Amino acid sequence: MKRIDWNTLNEAERSSALARPAQSRAQELRHGVESIIAQVRAGGDAGLRELSARYDRCMLDAIEVNEAEFVAAEAKLAPALKAAIREAAARIEAFHTAAAPQPVGVNTAVGVRVERILRPINRVGLYVPAGSAPLPSTALMLGVPARIAGCRDVVLCSPARADGTCDEAVLFAARVVGVHRVFKLGGAQAIAAMAYGTESVPRCDKLFGPGNAWVTEAKLQVSSDPNGAAIDMPAGPSEVLVIADAQANPAFVAADLLSQAEHGPDSQVVLVSPSAALLDTVAAEVDRQCAQLPRGAIAEQALAQSRLIEVQSLAQAVEVSNRYAPEHLILQVNNARELVASIESAGSIFVGAWTPESVGDYCSGSNHVLPTYGYARSYSGVSVASYLKQITVQELDPNGLRAIGPCTAILAEAEQLEAHRRAVTLRLEALGTRL
């Protein structure tokens, strides 16, 4: 991990120090994704089979998972794993139900009623990665809020293995949360299939879920096409920033950094601390723990583009964090709760030494599909609200129009929109009211 003294850097160097690994929107990637999307749109299921053979090295007879495959998947899973999936789903549901938006109705004037009503998005597409490791937890994070929102059709895509089957835990999690249909598709081709539809895969109104650079690029391309689909957010490779003071446990800090580094070689981890000694100790501890990890080689690649940043104070550490806008922010400091009020941009915050980021990934109840690449400055993580349309309703009686009609007419006249003004004044005249 690269060691940096924040207060020796100029502005350009600070920006460079907080730069993510090159966000892969290079011309080659863009063209590659465009080609995949075009092949799916032109070839439908046949195009999907060819792309699955090319990229996932599997020959698909049926693209959709059938009932026998769901039954076989559940039979293969250990009872402890099935119980953990159900337990996590229950906690995620408890939090997301409590945090869900509620209808609102307000009388803004006598005779003027304004409401907000909620309607679920009809058909949503969920993407569950399974590149170097399957992620059944993502099926929970995406499926639970979709069920709470009441989406009519919930479609899920996850890559098939070489034998043409999906991961058993992903299939079981999909069943637990009530996903309606699952397809053995991965990568940009899965995004294209859900955005535009094929003979087998239904076209979806909005797409959800994280993925690699190809998946992220595909989501961005289909969301910019009026004939494509909306997306939840730009959600790419995982990242974490840890703020730690001199009293932090170095082993805990190192473990938190590595828990994100092992996601993939393009993940990034950052440690910010006013304690030079803590930075030194954590660096050594990261090396020691990394050598013991089954995915240590992957973590090492991520660590090569990660940072140890020395600052003057915890206040400056918070400034650095807000500038970086991390997907995950861990506060391993004394009185960690006191720092929360100063945090302006983060996907999810983990407070204190006993709150590893891992619990948020799996079963604390919050969502782990979060904005990356600094998008936490303007995006929020997935929630029930992500699956809802919020529609306003207004109703006036004659007294209401008398009360607010003049205001409307004056503002319409100021904007030189005469038809707007007359839509009000004609009604007021019918009520015997003149401006």
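Residues numbered from 1 in each chain as written. Predicted model: local features only at pLDDT ≥ 70, side-chain atom pairs only at ≥ 80, totals over all residues. Heavy atoms only, no water.

A. Region of interest: the overall build of the protein chain. Looking only at helices and strands, the protein chain has 15 helices and 14 strands in total. Judged by the C-alpha coordinates and their principal axes, the protein chain covers about 85 × 60 × 45 Å. A burial count over the protein chain gives 49% of its 435 residues as buried. Considering only contacts in the protein chain between residues 6 or more positions apart, those separated by 24 or more positions represent 75%. When the accessible surface of the protein chain is summed, it comes to about 19,800 Å², and 52% of that surface belongs to carbon and sulfur atoms. With 39 positive and 47 negative side-chain charges, the protein chain shows a separation of 6 Å between the mean positions of the two kinds. (Helix = DSSP H or I, 4+ residues; strand = E, 2+ residues; numbered from the N terminus. Buried < 20%, exposed > 50% of the residue type's maximum accessible area, 1.4 Å probe, protein only. Contact = heavy atoms within 4.5 Å. Areas by Shrake-Rupley, 256 points an atom, 1.4 Å probe, with all protein chains shown as cover. Lys, Arg positive; Asp, Glu negative; His and termini not counted. Charge placed at Lys NZ, Arg CZ, Asp CG, Glu CD.)

B. Seen up close, the side chain of Thr-198. Here Thr-198 lies in the loop between α7 (187–196) and β7 (206–208). Among the residues examined, Thr-198 registers a relative accessible area of 16% and is labelled buried. Contact partners of Thr-198, with chain neighbours within four places excluded, come to Val-40, Gly-44, Asp-45, Leu-48 and Ala-193.

C. Up close: the packing of aromatic side chains. All told, the structure shown has 3 aromatic pairs when counted by the stated rule. Pairing Phe-252 with Trp-354 gives two aromatic rings, centres 5.4 Å apart and planes at 65°, and the pair type is edge-to-face. Taken together, the residues span a long stretch of sequence, with Phe-252 in helix α9 (residues 250–261) and Trp-354 in the loop between β13 (348–351) and α13 (357–362) at a distance of 102 residues. By relative accessible area, Phe-252 is classed as partly exposed at 29%. Geometrically, the ring pair formed by Tyr-375 and Tyr-379 is edge-to-face, given 5.6 Å between the ring centres and 85° between the ring planes. Note on Tyr-375: relative accessible area 27%, which makes it partly exposed. Among the residues examined, Tyr-379 registers a relative accessible area of 35% and is labelled partly exposed. Between the NZ or CZ atom of Arg-20 and the centre of the ring of Tyr-324, over which it lies, the distance is 3.6 Å. The aromatic ring of Phe-70 is capped on one face by Arg-175, whose charged end is 4.0 Å from the ring centroid. (Phe/Tyr/Trp six-rings, centres within 6.5 Å; stacked < 30°, edge-to-face > 60°. Lys NZ or Arg CZ within 6 Å of the ring centre and 35° of its normal.)

D. View of the packing of helix α2 (residues 27–55) against helix α8 (residues 213–223). The interhelical angle for the contact between α2 and α8, taken along N-to-C directions, is 70°, at an axis separation of 10 Å. Looking at the two axes, α2 sits roughly perpendicular to α8. By crossing handedness, the relation of α2 to α8 is classed as right-handed. Of the residues in α8, those touching α2 at Leu-29, Arg-30, Gly-32, Val-33, Glu-34, Ile-36 and Ile-37 are Ala-213, Trp-214, Glu-217, Ala-218, Gln-221 and Val-222. Among the residues making up the contact of α2 with α8, the classes are represented as 8 nonpolar, 2 polar and 3 charged. (Axes fitted to C-alpha atoms, helices over the stretch in contact; angles between N-to-C directions. Parallel < 35°, antiparallel > 145°, perpendicular 65-115°, else oblique. Left-handed = near helix turned anticlockwise from the far one by under 90°. Nonpolar A, V, L, I, M, F, W, Y, C, P; charged D, E, K, R; others polar.)

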